[in-house]
Amino acid sequence: LFYSFNSSYSLIDYNEGDYYIDGEAGYSFSPQTGRISLLLKSQAKAPAFIANNFISNYFLWANDFDKVNITSSEIAYALPKNELEFEAKYHQVNNFIYWNTDALPMQSDNTLSASTISLKKNFTFKNLHFKNILTYQFLSDTSVIRLPAFWSKHSLYYENKIFKNALHTQVGVDVQYNTDYFGNA
């Protein structure tokens, strides 16, 4: 059984009242049967200063956006012996700040929810590695932010230490793929 807890709170300045709390708990069964973990996070943070205040030749704004509140949960199961990992994540964001098509910051009145399911698998043969990540993601409100429904990343590389083990080297190629989507302007 393992667990951890972290927190922080800002008392003064622009970020006064900001907080961050996370807690993780899990259990390691054995190298053959893996480990499971649960992670919970909650935070409230002030908008980026540039989202609230900006002056230039072409733009001027003085916003008073509310704090962005983010709540996240994650469950993961890993089999280290097989280099296999499964993750499911859920994020809920209130007062999300985004940049509209006129390049101006806006704050969403809607609650934005995002869910992701990922599978990671690594194959190793001597010094040759093939890492794979497959992810499906779902957003509740695609008018504010848009993401591809599916994406993947694959890395094929040779790994070794050279110069009398003084330099750790990885030489290879990365390939990324995602389904079609209309990205934000």
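Please refer to the structure higher up on the page.
Residues numbered from 1 in each chain as written. Predicted model: local features only at pLDDT ≥ 70, side-chain atom pairs only at ≥ 80, totals over all residues. Heavy atoms only, no water.

Q: Before we go on, may I ask you to explain the overall build of the protein chain in this structure?
A: A count of helices and strands for the protein chain gives 1 helix and 13 strands. In terms of overall dimensions, the protein chain is more spread out than a globule: its C-alpha atoms have a radius of gyration of 21 Å, far above the 16 Å expected for 185 residues. Summarising its shape, the C-alpha atoms of the protein chain cover approximately 60 × 40 × 40 Å along the three principal directions. Counting only contacts in the protein chain whose residues sit at least 6 apart along the sequence, the fraction spanning at least 24 positions is 46%. Surface accessibility of the protein chain: about 12,800 Å² in total, with carbon and sulfur atoms responsible for 59%. Distance from the positive charge centre (14 side chains) to the negative charge centre (17 side chains) of the protein chain: 16 Å. (Helix = DSSP H or I, 4+ residues; strand = E, 2+ residues; numbered from the N terminus. Rg over C-alpha atoms; globule rule 2.2 N^0.38 Å. Contact = heavy atoms within 4.5 Å. Areas by Shrake-Rupley, 256 points an atom, 1.4 Å probe, with all protein chains shown as cover. Lys, Arg positive; Asp, Glu negative; His and termini not counted. Charge placed at Lys NZ, Arg CZ, Asp CG, Glu CD.)

Q: Just checking my understanding: could you explain the packing of aromatic side chains for this structure?
A: Pairs of aromatic rings are described using the distance from one ring centre to the other and the angle between the two planes. What the rule picks out here adds up to 8 aromatic pairs. Taking 6.1 Å as the distance between ring centres and 65° as the angle between the ring planes, the aromatic pair formed by Phe59 and Trp61 counts as edge-to-face. The class of Phe59 is partly exposed, set by a relative accessible area of 33%. Trp61 sits in the buried class, given a relative accessible area of 10%. Members of the aromatic cluster, each reached through a chain of ring pairs, are Phe54, Phe59, Trp61 and Trp99. Over the face of the ring belonging to Phe123 we find Lys121, whose NZ or CZ atom lies 4.9 Å from the ring centre. (Phe/Tyr/Trp six-rings, centres within 6.5 Å; stacked < 30°, edge-to-face > 60°. Buried < 20%, exposed > 50% of the residue type's maximum accessible area, 1.4 Å probe, protein only. Lys NZ or Arg CZ within 6 Å of the ring centre and 35° of its normal.)

Q: Help me understand the pattern of salt bridges, please; the structure alone is not making it clear to me.
A: Pairing between side chains of opposite charge can happen when their charged atoms approach one another. Considering all chains together, one arrives at 3 salt bridges under this definition. Asp18 is the partner of Lys67 in a salt bridge, and the nearest nitrogen-oxygen pair spans 2.4 Å. Taken as a pair, Lys67 in the loop between β5 (60–62) and β6 (68–79) and Asp18 in the loop between β1 (2–9) and β2 (19–30) lie far apart in primary sequence, 49 residues in all. Across the pair Glu87 and Lys89 runs a salt bridge whose closest N-O atoms are separated by 3.8 Å. (Salt bridge = Lys/Arg side-chain N within 4 Å of Asp/Glu carboxyl O.)

Q: Help me understand the layout of surface pockets, please; the structure alone is not making it clear to me.
A: Vacant regions in the atomic arrangement are exposed by a probe of water-molecule size rolled over the atoms. Volume-wise, the largest pocket comes out at about 310 Å³. Forming the walls of the largest pocket are 17 residues, and the residues nearest its centre are Val68, Ile70, Val93, Phe96 and Leu112. Those elements giving two or more residues to the lining of the largest pocket turn out to be β6, β7 (84–94) and β10 (112–125). Classifying every residue of the lining of the largest pocket by side-chain character gives 14 nonpolar, 2 polar and 1 charged. (1 Å grid on protein atoms, 1.4 Å probe; cavity = no way out; pocket = protein on both sides within 12 Å on 5 of 7 lines; lining within 4 Å. Points joined across faces, edges and corners; volume = space filled by probe spheres on them. Nonpolar A, V, L, I, M, F, W, Y, C, P; charged D, E, K, R; others polar.)

Q: Can you help me understand the pairing of strand β3 (residues 34–45) in this one?
A: For a regular strand, the rule is simple: side chains alternate between the two faces of the sheet. Sheet topology note: the β2/β3 ladder contains 11 bridges and is antiparallel. Across the sheet, residue Asp22 finds its bridge partner in β3, namely Lys41. Adjacent in sequence and paired antiparallel, β2 and β3 are bridged by 3 residues. Sheet topology places β3 next to β6; 11 bridges connect them, and they run antiparallel. Note that in β6 the partner of Lys45 across the bridge is Val68. (Pairing = 2+ DSSP bridges.)

Q: I keep staring at the sheet that holds β1 and nothing clicks. Help me out?
A: Strands pair in a sheet through their backbones, by hydrogen bonds, and they do so in one of two ways: parallel or antiparallel. The sheet built from 9 strands is open, its strands ordered β1-β2-β3-β6-β7-β10-β11-β12-β13 with antiparallel pairing. At either margin of the open sheet sits one strand with a lone partner, and together these are β1 and β13 (167–178). Each neighbouring strand pair of the sheet contributes to a mean axis angle of 10°, computed without reference to strand direction. (Axes fitted to C-alpha atoms, helices over the stretch in contact; angles between N-to-C directions.)

The quantities given are spatial measurements derived from coordinates; they are silent on function.
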